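# Reading the structure
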Amino acid sequence: MTNGKKSAFFLFLSLLLFVSCRRSEQPAIILNEQEYFSAPGFSFLTFQNNYQVGFQGGLQMIQNDERILDTGDFFLLPKAGNSTAKLKILRRVVDRQHSTVTLYGQVEGWGLGYQLVCRTDGQRIFVSLRLDQPLDWTRVQQAGFRIYLYPGAYFSKSYQSETTAGIFQRQFPGKAELLTSAKAVKVAQEDRLLAVSFFSQNSPLSLLDNRQQEPDPWFSVVVPLRPGSNESEVSLEIIPTIQRGWRRPPVIGISQVGYHPNQPKRIVLELDPQDSIQEPVRILRLDFSGERKPLWSANPKNVGRFLRYQYAVADFSEVHQPGLYWAEFRGRTAGPFRIDAAIFQEPWRPTLEYFLPVQMCHVAVKEGNRTWHGPCHLDDALQAPAGKQHFDGYQQGERETPFADNQHINGLSWGGWHDAGDHDLPAGSIAMTGLALVLAQEEFRPDVDETSIRRAAREVLLHVPDGRSDLLQQIEFGAESLLASFRIAGHIFPGIIETTGLAYGHMGDPINITDNQVYDPKLKPGEVAGERSGKFDDRWVFTNRNTGLQYQVSQTLAASSRVLRGFNDALAEECLKAAQRLWDYEQTHSPIYSPNSYVPGDSGFRSEELSAAGELLITTGKESYRQRLLGLLPTLRSTTPEQFGLGPGWVLVRALPQMKDPEFQGTVHQLAEGWKKVEDTMAASNPYGVPYSREVTTPSWAIEGRTEVGSDFVWGRGWELQQKAFQHYYFQKHMPELFSRDLLFNVVNFVLGCHPATNESFVSGVGTYSAPMAYGYNRADWSGIPGGIFSGSSLIKPDFMELKEFPFLWYQREYVIGGAATYIFDVLAADRWLSQ
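Below is a short write-up of the structure. Note that the structure is predicted; figures quoted are calculated from it, not measured.

With that out of the way, let us pick up the overall build of the protein chain. Scanning the protein chain for helices and strands turns up 18 helices and 40 strands. In summary, the protein chain has a C-alpha radius of gyration of 29 Å against a globular reference of 28 Å for 836 residues, a match within 12%. Projecting the C-alpha coordinates of the protein chain onto the three principal axes gives extents of approximately 105 × 75 × 60 Å. Counting over 836 residues, the protein chain shows a buried share of 60%. Surface summary for the protein chain: the accessible area is close to 32,200 Å², and the carbon and sulfur share equals 49%. In the protein chain, the 80 positive side-chain charges and the 93 negative ones have mean positions that sit 5 Å from each other.

In this section: the packing of helix 9 (residues 607-620) against helix 10 (residues 623-631). The contact between helix 9 and helix 10 brings their axes to 8 Å, and the two run at 150 degrees. Judged on the interaxial angle alone, helix 10 and helix 9 are roughly antiparallel. For the crossing formed where helix 9 meets helix 10, the hand is left-handed. Facing helix 9, whose interface residues are E609, L610, A613, G614, L616, L617 and T620, helix 10 presents Y625, R626, R628 and L629. In terms of residue class, the contact of helix 9 with helix 10 is made up of six nonpolar, two polar and three charged.

A separate point is the packing of helix 5 (residues 470-489) against helix 8 (residues 569-587). Where helix 5 meets helix 8, the axes come as close as 11 Å, and the angle between the chain directions of the two elements is 50 degrees. What the angle tells us is that helix 5 and helix 8 run oblique. Judged by the sense of rotation from one axis to the other, the crossing of helix 5 with helix 8 is left-handed. Contacts between helix 5 and helix 8 pair E476, A479, E480, L483, F486 and R487 from the former with L571, E574, C575, A578, R581 and L582 from the latter. Within the contact of helix 5 with helix 8, the residues separate by chemical class into seven nonpolar, no polar and five charged.

The step from G335 to P336 runs through a cis peptide bond, and the omega angle for that step is 5 degrees. With respect to the helices, strands and loops of the structure, P336 is situated in strand 27 (residues 332-339). Following D380, the chain continues into A381 via a peptide bond in cis, with omega recorded as -10 degrees. In the Ramachandran plot, T71 falls in the positive-phi region, its phi being about 60 degrees despite a non-glycine side chain. Of note, T71 is situated in strand 5 (residues 66-78). Of note, H463 is a non-glycine position whose phi angle comes to about 60 degrees, a positive value. Mapped onto the secondary structure, H463 falls in the loop between strand 33 (459-462) and helix 5.

Strand order in the open sheet made by the nine strands is 6-7-8-9-18-15-14-11-12, with antiparallel pairing throughout. One side of each edge strand has no neighbouring strand; the edge strands of this open sheet are strand 6 (86-95) and strand 12 (165-167). Each strand of the sheet is rotated relative to its neighbour by a mean of 15 degrees, with strand direction disregarded. Both strand 6 and strand 7 (residues 100-108) contribute to a ladder of nine bridges, which runs antiparallel. In the sheet register, L87 faces strand 7, and the bridge partner there is V107.

This part is about the nonpolar core. Nonpolar side chains in soluble globular proteins tend to be buried together. Within the largest apolar cluster, 220 residues are counted, with the highest numbers of intra-cluster contacts made by F44, F74, F145, Y154, F198 and L557. With 12 residues, helix 18 (residues 817-835) is the largest single contributor of residues to this core. Excluding its chain neighbours within four sequence positions, the residues that come into contact with F198 are L69, I147, L149, K183, A184, V185, V187, L205, V221, L236, E237 and I238.

Our next topic: the side chain of D419. You can see D419 is positioned in the loop between strand 30 (382-383) and strand 31 (425-426). By relative accessible area, D419 is classed as buried at 0%. Within the structure, the side chain of D419 is placed 3.4 Å from the side chain of S429, a separation counted as a polar contact.

Burial analysis of strand 3 (residues 42-51) places nine of its 10 residues in the buried class, which makes it a mostly covered element. Alignment of strand 2 (residues 37-39) against strand 3, held across three bridges, turns out to be antiparallel. The residue bridging A39 from the neighbouring strand is F42, located in strand 3. Two successive antiparallel strands, strand 2 and strand 3, enclose a turn made up of two residues, where G41 displays a positive phi of approximately 75 degrees. Pairing of strand 3 with strand 4 (residues 56-63), which is carried by seven bridges, proceeds in the antiparallel orientation. Paired with L45 across the bridge in strand 4 is Q60. Connecting the antiparallel pair strand 3 and strand 4 is a turn made up of four residues, with F55 showing a positive phi of about 55 degrees.

Counting across every chain of the model gives 55 aromatic pairs. The interplanar angle of 65 degrees and the centroid separation of 6.0 Å between the aromatic rings of F155 and W782 together place this pair among those described as edge-to-face. With F155 in the loop between helix 2 (151-154) and strand 11 (158-160) and W782 in the loop between helix 16 (742-751) and strand 39 (794-796), the pair connects residues that are 627 residues apart, well separated along the chain. The class of W782 is partly exposed, set by a relative accessible area of 23%. In this structure an aromatic cluster arises from ring pairing among F55, Y148, Y150, Y154, F155, Y159, F168, W218, F219, W782, F806 and F808. The ring of W782 has R170 sitting right over it, with the charged end atom 4.7 Å from the ring centre. Of note, R370 hangs over the ring of W372, and the distance from its end group to the ring centre comes to 3.6 Å.

What follows covers the layout of surface pockets. Here the second largest pocket is characterised by a volume of approximately 730 Å³. Lining the second largest pocket are 33 residues; nearest its centre among them are D65, E66, A757, T758 and L803. Every element with two or more residues in the lining of the second largest pocket is listed here: strand 5, helix 2, strand 19 (251-253), strand 27 and strand 40 (800-802). The residue makeup of the lining of the second largest pocket, split by class, is 17 nonpolar, six polar and 10 charged.

With that settled, consider the sheet that holds strand 35 (residues 518-519). Spatially, the three strands line up as an open sheet ordered 35-37-36, and their pairing is mixed. The open sheet has two free edges, formed respectively by strand 35 and strand 36 (528-529), since each of these has just one partner strand. Relative to strand 37 (residues 532-533), strand 36 is paired through two bridges, and the arrangement is antiparallel. Bridging across to strand 37, V528 finds its partner in S533.

Another point: helix 14 (residues 662-684). For helix 14, with 23 residues, the first-to-last C-alpha span of 33 Å sits near the 33 Å given by 1.5 Å per residue. As for helix 14, its buried residues are in contact with helix 10, helix 11 (633-637), helix 12 (641-646), helix 13 (649-655), helix 15 (718-734) and helix 16. Its side-chain oxygen 3.1 Å from the backbone nitrogen of E663, D661 forms the N-cap of helix 14.

Attention now moves to empty space enclosed by the protein. Under the definition given, this model contains four cavities of 30 Å³ or more. One number sums up the size of the largest cavity: a volume of about 150 Å³. Forming the boundary of the largest cavity are 17 residues, of which L412, L425, S481, F493 and I496 lie nearest the centre. Among the secondary structure elements, those contributing two or more residues to the lining of the largest cavity are strand 31, helix 4 (427-444), helix 5 and strand 34 (495-497). In terms of residue count, helix 5 provides more of the lining of the largest cavity than any other element does, four residues in total. Looking at the lining of the largest cavity residue by residue, the class counts come to 12 nonpolar, five polar and no charged. One number sums up the size of the second largest cavity: a volume of about 100 Å³. It is helix 16 that contributes the most residues to the lining of the second largest cavity, four residues altogether.

Analysis parameters
Residues numbered from 1 in each chain as written. Predicted model: local features only at pLDDT ≥ 70, side-chain atom pairs only at ≥ 80, totals over all residues. Heavy atoms only, no water. Helix = DSSP H or I, 4+ residues; strand = E, 2+ residues; numbered from the N terminus. Rg over C-alpha atoms; globule rule 2.2 N^0.38 Å. Buried < 20%, exposed > 50% of the residue type's maximum accessible area, 1.4 Å probe, protein only. Areas by Shrake-Rupley, 256 points an atom, 1.4 Å probe, with all protein chains shown as cover. Lys, Arg positive; Asp, Glu negative; His and termini not counted. Charge placed at Lys NZ, Arg CZ, Asp CG, Glu CD. Axes fitted to C-alpha atoms, helices over the stretch in contact; angles between N-to-C directions. Parallel < 35°, antiparallel > 145°, perpendicular 65-115°, else oblique. Left-handed = near helix turned anticlockwise from the far one by under 90°. Contact = heavy atoms within 4.5 Å. Nonpolar A, V, L, I, M, F, W, Y, C, P; charged D, E, K, R; others polar. Pairing = 2+ DSSP bridges. Core = buried A, V, L, I, M, F, W, Y, C linked by side-chain atoms within 4.5 Å. Polar contact = N/O pair within 3.5 Å; in protein donor to acceptor, adjacent residues only side chain to side chain. Phe/Tyr/Trp six-rings, centres within 6.5 Å; stacked < 30°, edge-to-face > 60°. Lys NZ or Arg CZ within 6 Å of the ring centre and 35° of its normal. 1 Å grid on protein atoms, 1.4 Å probe; cavity = no way out; pocket = protein on both sides within 12 Å on 5 of 7 lines; lining within 4 Å. Points joined across faces, edges and corners; volume = space filled by probe spheres on them. Expected span 1.5 Å × (residues − 1).

Structure (structure tokens):
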């Protein structure tokens, strides 16, 4: 061997030893007891979550506290004329001895099974896709293994293959294929927190940008099966960046708004599971001179584990002096936040002055020289065809109206708020929203006039007073929406929604979704005659009666009639008559729980009927409603504390003063005592003192109609907690000997920043740290709406809480109207209690 060859050989050995040493220094990836692969700061999940349509499911990877890979799975794109490929994972087999997880799946209707085999050598993750048989390429256009990269982490980061390199762009770059025919793809090698590499020995890799048609898809790495081949297996090697000794930075949980001098004040520290708690927490006060002066210091109390992390709490309730403050721990700060007796007199106002007006349908919304949106959906609405199954859950059975399929129904083009980032008008959500707003008005009577609503001009002007209460005008607008279908058919229609997926997913000014001219099938496409056109773009209205919805709306209209008296007497009277007629009809007809979006299902007990009877009794004092409640006493006795507390309980405690029957009162008190124990147990299960539950504990309509997808409820729990705090207010008000006020304060603090994953306020534009972007109609602009409330930190099962700063994750950052209403109520309630 020549000297030159010897030198090269020894250099090769040295590099090999260096790499081996480096690898041996790294902490090994293990397959843990919770059935996912883990190392410090690293997790590789194997279908613990299955919400792939939202990029939260399949094979997922978390690296240094960032979920960077998701929705890894087999993909199959059929050729035109073939059935769609619906994938289903049947079972997971875990072999901890060999560090292997095997997932068995099938393509439903195709007679095709497959396996995903995931294993580790301690440093890398290996994924193999194995089909039971070769594909029939006469039916298949593309197939293979695919895993997605989270764009929010990789904008302006690099990507490389053996021959090509580039930078991930924030906007679609004009081509879908960033890299093709690569053996290796390396991403963000300049960033040790985010760097990850992909290798494939036998199949070429592709790196794709999937945003050709819309901005929300993620980047993807694809290992294809070669079209026309007999291949039945492809593999991918993933090399994460695992840093020895990495620790997650502490999260300092505070309210981003601040605190009333007299309220409990707690800092909740979220810490790495390997962390130790030794340093004190300090409170710094900002003097007028600009100097931050230490005012308070104490060692936090360790309160143990919650899900993945450990927690500690520091109570600084003894700090009362008004001013500006920071919380400090290990050199990290959170703030500034205020301590002030007026602290809760402002945070709810952007929700009333911005968000709810901007969500109003059928009107233009303007703010000075800015137009938030134009007058939209003036062509509402067409009768949904019989038998129509809408992709968003709306269903039309046999028609209960005299209108033909796709016939225009006049009278539906005024009232209602766009429910969320999409633009439907679901009666269940509108009823829930209206009820919370009504009770906020009745309890607290906030005197705000910052908005003009000009009905004749279909125009809403922000920051232009019109001499009328803003809150009452919003209540009026919601009631008009609910009454519209009652005026037409004598019952409440479940909702109005776009007919196509393209219209449903529209981003930008909703005035552009339809032409605002009533569809006339007698006209040709593109033809216009007066206010009618031949363009089939009008929304559908789904019209089937649902008993639970009728009672729910009856309750809201009954309550609305109380606060509208003296403001709009004619509307108040109409609300009450409609509420009573809805009640009377349901009392004399068999219940029907026709399935639909945002409507109650048959709960097995009469929750909605109990609530409606209680509200009508409160409103009218009539003996018939009192007698019906007494008649339902056997049903009430059979309910569990959870059914009572999450259902009609908060209404019945309000009706107790008019229910003198000792047996009824005793039953309500007994159930309330049981609910108190359940609520306390939930609040004690986490360091934030809120009734957080990993299971769905709120009726689907109360959390905006969201239901389980497969086995996963994916949304954050902020709205659910707000709903519980809203109801808890009345339990505490009417049974103060049982219920304390702490839960409501804790929920308000939770929503405003003291929660898992981050300390960001869930309310856009409210609080020192509140990301400006969320999943509203303007999400494509990476923008938001002041006062909009999103659901917040969500659980990536089994134990990772997350809140990404990415406006396209609807299960974390979507605004909804119901969450806006309960937020207004909860903050006003906190202010009332603390002012007392």
